[in-house]
Amino acid sequence: VQLVESGGGLVQPGGSLRLSCAASGFTFSTYAMNWYRQAPGKERELVAGINSAGGVTNYPDSVKGRFTISRDSAKNTVYLQMNSLKPEDTAVYYCNANRLWLTYWGRGTQVTVSS
């Protein structure tokens, strides 16, 4: 099983980034997919989730209206479009696949929002 994140980097406040997570080694279409983040000294938190069919998404209030999760089952990839980024969005962003008792994690990609 592999989850490989990409697309992180340094962006100015108000800017945008799109993260990608390429999945392999499991049946992607049967797993819910999530994005988490962890800032230094803080616990890992969920920032976006999408169900296996792609029709249901969920976000915490902190990112609602700014972040959008989507998935492409033909490419076995999940995306996180992040707009109107704020310095408090700075963190390592992790891709997660979840089905019943099974859960897989990527290694993360750093997002830094700074002027």
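Calculation notes
Residues numbered from 1 in each chain as written. Predicted model: local features only at pLDDT ≥ 70, side-chain atom pairs only at ≥ 80, totals over all residues. Heavy atoms only, no water. Phe/Tyr/Trp six-rings, centres within 6.5 Å; stacked < 30°, edge-to-face > 60°. Lys NZ or Arg CZ within 6 Å of the ring centre and 35° of its normal. Pairing = 2+ DSSP bridges. Helix = DSSP H or I, 4+ residues; strand = E, 2+ residues; numbered from the N terminus. Axes fitted to C-alpha atoms, helices over the stretch in contact; angles between N-to-C directions.

Participant: It is not clear to me how the packing of aromatic side chains should be interpreted in this structure. Could you clarify?
Facilitator: The relation between two aromatic rings is expressed through the spacing of the ring centres and the mutual angle of the planes. Going through the model one piece at a time under the given rule, you end up with four aromatic pairs. Through successive ring pairs, a cluster of aromatic residues spans F26, Y31 and Y104. In this structure, R44 packs its charged tip against the face of Y94, placed 3.8 Å from the ring centre. The ring centre of F28 lies 4.4 Å from the NZ or CZ of R71, which sits over that ring.

Participant: Help me understand the sheet that holds strand β3 (residues 17-24) in this model?
Facilitator: Strand-to-strand pairing in sheets goes through backbone hydrogen bonds, with the strands running parallel or antiparallel. Spatial ordering of the open sheet is given by β1-β3-β8-β7, a layout of four strands whose pairing is antiparallel. Edge positions in the sheet fall to β1 (2-6) and β7 (67-72), since each has one partner strand and no second. Between one strand axis and the next, the sheet turns through 15° on average, direction left out of account. Inspection of the sheet shows β7 paired to strand β8 (residues 77-82) by six bridges, in the antiparallel sense. Within the sheet, the bridge partner assigned to F67 lies in β8 and is M82.

Participant: Even after reading the chapter, I still don't get the pairing of strand β4 (residues 32-38), so can you show me in this structure?
Facilitator: Moving residue by residue along a regular strand, the side chains alternate between the two faces of the sheet. Pairing of β4 with strand β9 (residues 91-99), which is carried by seven bridges, proceeds in the antiparallel orientation. Of the residues in β9, the one forming a bridge with Y36 is Y94. Of the pairings in the sheet, the one linking β4 to strand β5 (residues 45-50) comprises five bridges and is antiparallel in character. When the sheet's bridge partners are listed, N34 is paired in β5 with G49. Counted between consecutive antiparallel strands, the loop separating β4 from β5 contains six residues, among which G41 sits at a positive phi close to 75°.

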